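Observations on the model geometry
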Amino acid sequence: MIGYEAYMEKHPQVARKKADSLREAGGLFLKDGRVVLPRNSNWEDTLVVDARKLDCGCSVYRTKKACPHVAAVIGMIEDNGGIIPVTDGKLHVQECLEQFTRPVRHLSDYQWMYRSFIAQVCPFTENLSLEDKQQFILEVAHVLNDPQLMDIFYSICEKCFREFSWPLRQEKIIVPLYKKRQEYRWAVVAILEKGHSIFTKEQEKTIVQEIAQDDALAVRFLPRLVSEYSSFFSREQLVAYLKSQKTEKLPSFILSDILHRMMEEPPLCEEYLGIIENVKNKNYLDLKYSDIKKLTKAGYGDRMNTIVELLVSQIRHFGDYNGVINCIPPGMFLPAWKKRISKKTSGKNCYWNHVLSEYEIVIDFRENPDADPDQYDLDTLGLDALEAILSAGSGRKKEVCNVLRKHYRAAIKGGNRAAARKALMILARGGDTITSKYVSDETTYERNGDDLVYLTAVGIHFDTLQKIAPELKRMENLHAAGQNE
């Protein structure tokens, strides 16, 4: 093999200063003759040199057929008496772990140490035996079993398990750590916290149950486990946790689940209200109507303004509207609804489009005595909104009926029987005289038994039967004589 000085003389373009620095720092010599070196000055970015072929994967070598990395490897072999050394993997891993036991000035230093550790250790994890892999995880857990180092421990496990081909044998690799779970509790919880646990479901259950059954452990580890395992902890433990923590750190869907648990039998109404009052951003909470109904029945109406405003702001369709109306105390809907409408139409919130949706118009005219039909272009409204305006007894009955007639004629022309019937029903309800004409119009409306039953029901229900009775009688006779077949 060529000597270090000979190589440098043969390739004068190689940076001697960098080669000397790399040679002094040393590399990791693997059994197959590969050498892992830092690409530049630190171990966060590494490359591999073939010590036998003396080639390198760096861009400098590919361009000039020579580089400081190869020169450094030649120098290190020369320092070893011309024999390619082999790094003791176990001793090397232990030395790398020791860096985590040294005090650091800033927690961010640990992140640099992690990247350096991974770069130097992963090459040795490829061909470990099962026993060595198990021992490696235990050694890492032993050193990093610390609340400050939990993220580093999990990241090391995740990275090294890829080298272990862990999906095939993960359960066996993790068994020793599971058995020592009480000794290395922080390390074990670090794996559970990320939601991508390598433990089996039964092992997870055992670990979390042991923590939940000890109030002192629950106080310590619940903040780490609440997002994935809140169901394992008692309601009292969860309440104590939420009182001591900033709730905005908790995903809204988890917080919503915890709130729902508060209202299981027997309901903890005070605790439920206390949690909601402590939530900074309530807009994303998913409150259950059944829980609100329990609050209402328990007599907490005077403390439910915030809840009612939240529920009303979250109405997105008639199902939501009916759910809210049925669970809140009487008289609380309208103030909250007016507040919602004011926010939407005032233009102060850029996320609103300042235009009420069809269902909002319907609700507004059902609930709000101050709803103003003059602010709408009736020709742009659908049947539900027109019916709501008509039912509210506004002074625009004639205009509404004219638009309903347009809907009816368009539905008949388009063959939409359901829409035609609905428009006709609303016209009948409004006592519009045109109803009888439409019923008798042979060219636009089929005369059959279904229509007869339907229109009779409309007439009875909306007290307009007297107006359309003559035509209904004629339809009945024709139908009985089979002339509508």
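Residues numbered from 1 in each chain as written. Predicted model: local features only at pLDDT ≥ 70, side-chain atom pairs only at ≥ 80, totals over all residues. Heavy atoms only, no water.

Quick look at the sheet that holds strand β4 (residues 55-56)
- Read from one edge to the other, the open sheet built from four strands follows the order β1-β2-β3-β4, with strand pairing classed as antiparallel. This sheet does not close on itself; its edge strands, each paired only once, are β1 (28-29) and β4.
- Examined bridge by bridge, strand β3 (residues 46-50) and β4 share two bridges and lie antiparallel to one another. Along β4, the bridge assignment pairs Asp50 with Asp55.
- Sitting on the sheet, helix α4 (residues 68-79) is in contact with β1, β2 (34-38), β3 and β4, with an inclination near 115° to β2. (Pairing = 2+ DSSP bridges. Helix = DSSP H or I, 4+ residues; strand = E, 2+ residues; numbered from the N terminus. Contact = heavy atoms within 4.5 Å. Axes fitted to C-alpha atoms, helices over the stretch in contact; angles between N-to-C directions.)

A short note on the confidence of the model for the chain
- The share of residues in the chain with pLDDT of 70 or more is 85%, and the mean pLDDT across the chain is 85.
- This stretch, residues 348-353, has a pLDDT under 50; its non-local contacts, to residues over four places away or in other chains, come to five contacts. (pLDDT = per-residue confidence, 0-100.)

Re unusual backbone geometry
- The residue after Glu265, namely Pro266, is reached through a cis peptide bond having omega -10°.
- Structurally, Pro266 can be placed in the loop between α14 (252-262) and α15 (269-278).
- For Leu54, which is not a glycine, the phi torsion comes out positive at approximately 55°.
- Relative to the elements of secondary structure, Leu54 occurs in the loop between β3 and β4.
- Even without a glycine there, the phi angle at Lys65 is positive, about 60°.
- Turning to its location among the elements, Lys65 is positioned in the loop between α3 (59-64) and α4.
- Here Lys65 falls in the exposed class, since its relative accessible area comes to 56%. (Buried < 20%, exposed > 50% of the residue type's maximum accessible area, 1.4 Å probe, protein only.)

Looking at the pattern of salt bridges
- Within this structure, the stated rule accounts for 21 salt bridges.
- Of the charged contacts in the structure, one is a salt bridge between Lys194 and Asp151, with a shortest N-O distance of 3.1 Å. With Lys194 in the loop between α10 (185-193) and α11 (201-212) and Asp151 in helix α8 (residues 150-163), this pair connects stretches of sequence that are 43 residues apart.
- Judged by its relative accessible area of 32%, Lys194 is partly exposed.
- Across the salt bridge formed by Asp370 and Lys338, the nearest N and O atoms sit 3.0 Å from each other. Note that Asp370 is positioned in the loop between α20 (358-367) and α21 (383-391) and Lys338 in helix α19 (residues 333-345), a separation of 32 residues in sequence.
- Taking relative accessible area as the criterion, Asp370 reaches 56% and is therefore assigned exposed.
- Among the charged side chains, a network of salt bridges with common partners joins Arg23, Glu78 and Asp79. (Salt bridge = Lys/Arg side-chain N within 4 Å of Asp/Glu carboxyl O.)

Here's the deal with the pairing of β3
- Side chains Leu47 and Val49 project from β3 onto a buried face, and the interleaved Thr46, Val48 and Asp50 project onto a face without burial.
- Bridge count between β2 and β3: five bridges; the pairing is antiparallel. Bridge assignment links Leu37 to a residue of β3, and that residue is Leu47.

Quick look at the side chain of Ser256
- Within the secondary structure, Ser256 is located in helix α14.
- Among the polar contacts listed, one links the side chain of Ser256 to the backbone nitrogen of Asp286, at a separation of 2.9 Å.
- Beyond its immediate chain neighbours, meaning those up to four positions away, Ser256 contacts Tyr284, Leu285 and Asp286. (Polar contact = N/O pair within 3.5 Å; in protein donor to acceptor, adjacent residues only side chain to side chain.)

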